[in-house]
Amino acid sequence: MHQQRQWILKLPSPTPFTAHQKLMIDLRSDTVTQPTAAMRQAMADAEVGDAVLDIDPTVQKLEAMTSEFLGTEDAIFMPSGTMTNQVALRIHCKPGDDFLCEEYCHIYNWEQGAFAQLSGLVARTVLGKDGIFDIDDLVGKVRQPSDHCVGTKLVCLENTHNRGGGRIWPLEQLESVCRWARSHELACHLDGARLFNAVAQTGIEAWRWAGSFDSVSVCFSKGLGAPIGSALAGSREFIEEARRARKLFGGGMRQAGIIAAGALHALQHHRSRLIEDHENARLLGKCLRELPGIMLEPDQIDSNIVVFRLPESTAGASVVVDALKANGLLALSISANHVRLVTHLDVDRAATMQACEMLSKTLVQPELQIAKDSLF
């Protein structure tokens, strides 16, 4: 009976590609990774309890380790980075308040305007360069509440910046923006979905990046390669409020230690290897720079994201993405003329070299070149 129970708990390994299947290199996102064998075993062996009642020891260990890395008093585990961001906004602001964020940030563009739908908030955007802005960009943006206007309560930053091609904020600039915010009595939230990529690349510890903020969101299912989960960190009082908001948003989970174990394993074992993803991203960038008409935006590759713009004479990003797929490479169209590639745990150096060959083969195909008149 004991042996049968152990067999039931053991999670299956990923199904290998068979001979008739075409092996695809998936660079659409770093969220596509499969759990490693060691991570699957950690999840199978996880000690669990009811996390809503706060008696899941694995969740508690993950939250304690996260808050230790970030230098905060406490942290709370949630299913997604969208939830951690939206819970933070809800706590820092009340209905009818507004917050400042960069024009292409994740919170504003890719979370369904949840700040408005769920919490009654208004966003004011600041146009940065590759997702990074300065104090001068904020001057005149703070509104005082009146009978006619909303009041500004919060500034949000994103590090690394997704749509900015994985750019890492200069630490001094980040700290300067937060000091400015505090001088205007504004709270500060960091969307640090890929914060550990910034840590790996710069050698600056996570607590230093987080130190200027009232709340920090980090994701375990992006660069770190866990299957599920994010955490929100801050003061004990803030996390008490976050626990209530998590329940409201439907994020309370029972025996969550099974998924928390994957995140915990990633946090313990996958942080240092992120630099490999950055090196592979730079290899992709080098390949793309050699192709006629292709422009990297931004040209500087800080971490694991590569964004390139197609020539106007090319048949659009969606057509190019389909052509890449036909040649064995999965990429993501993020605008009419921009394609994104993201390196990750499941794409090693050899696969990156193959991806370079696929890019070189595909992006010079004559059938992708069209007359400009046919674009309209």
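As the structure is a prediction and not an experimental result, all values here were calculated from the model.

## Thoughts on helix α9 (residues 195–202)
At step 1: Of all the positions in α9, only Leu195, Phe196, Asn197, Ala198 and Val199 are classed as buried.
At step 2: As for α9, its buried residues are in contact with α3 (57–70), β6 (187–192), α10 (206–210), β7 (215–219), α12 (257–269) and α13 (274–289).
At step 3: Looking at the residues trailing α9, positive phi occurs at Gly203, about 80°.

## Regarding the state of the cysteines
At step 1: One pass over the structure, following the stated rule, counts zero disulfides.
At step 2: Cysteine Cys105 remains unbridged, with the sulfur of Cys101 as its closest cysteine sulfur at 3.8 Å.
At step 3: Looking at the unpaired Cys178, the closest cysteine sulfur is the one in Cys188, lying at 4.0 Å.

## Observations concerning the packing of α3 against α12
At step 1: Relative orientation of the contacting elements α3 and α12 amounts to 35°, with a least axis distance of 8 Å. In the packing of α3 onto α12, the handedness of the crossing is left-handed. Taking contact as the criterion, the partners of Thr58, Val59, Lys61, Leu62, Met65, Thr66 and Phe69 in α3 are, on α12, Gly257, Ala260, Ala261, Ala263, Leu264, Leu267 and Gln268.
At step 2: Among the residues forming the contact of α3 with α12, the class breakdown is nine nonpolar, four polar and one charged.

## A word on helix α2 (residues 37–44)
At step 1: For α2, the complete set of buried residues consists of Met39, Arg40, Met43 and Ala44. Down the axis of α2, the sector holding all buried residues measures 140°, keeping them to one side.

## Some thoughts on the sheet that holds β7
At step 1: Taking strand neighbours across the sheet as the criterion, the seven strands line up as β2-β8-β7-β6-β5-β3-β4 in an open arrangement whose pairing is mixed. Because the sheet does not close on itself, it has two edges, and the strands there are β2 (74–78) and β4 (122–126). On average, each strand axis in the sheet is inclined to that of its neighbour by 20°, with strand direction left out of account.
At step 2: Direction of pairing for β7 relative to strand β8 (residues 230–234): antiparallel, over a ladder of five bridges. Directly across from Val218, in β8, lies its bridge partner Ala231.

Cut-offs and rules
Residues numbered from 1 in each chain as written. Predicted model: local features only at pLDDT ≥ 70, side-chain atom pairs only at ≥ 80, totals over all residues. Heavy atoms only, no water. Buried < 20%, exposed > 50% of the residue type's maximum accessible area, 1.4 Å probe, protein only. Helix = DSSP H or I, 4+ residues; strand = E, 2+ residues; numbered from the N terminus. Contact = heavy atoms within 4.5 Å. Disulfide = S-S within 2.5 Å. Axes fitted to C-alpha atoms, helices over the stretch in contact; angles between N-to-C directions. Left-handed = near helix turned anticlockwise from the far one by under 90°. Nonpolar A, V, L, I, M, F, W, Y, C, P; charged D, E, K, R; others polar. Arc of directions from axis to C-beta. Pairing = 2+ DSSP bridges.

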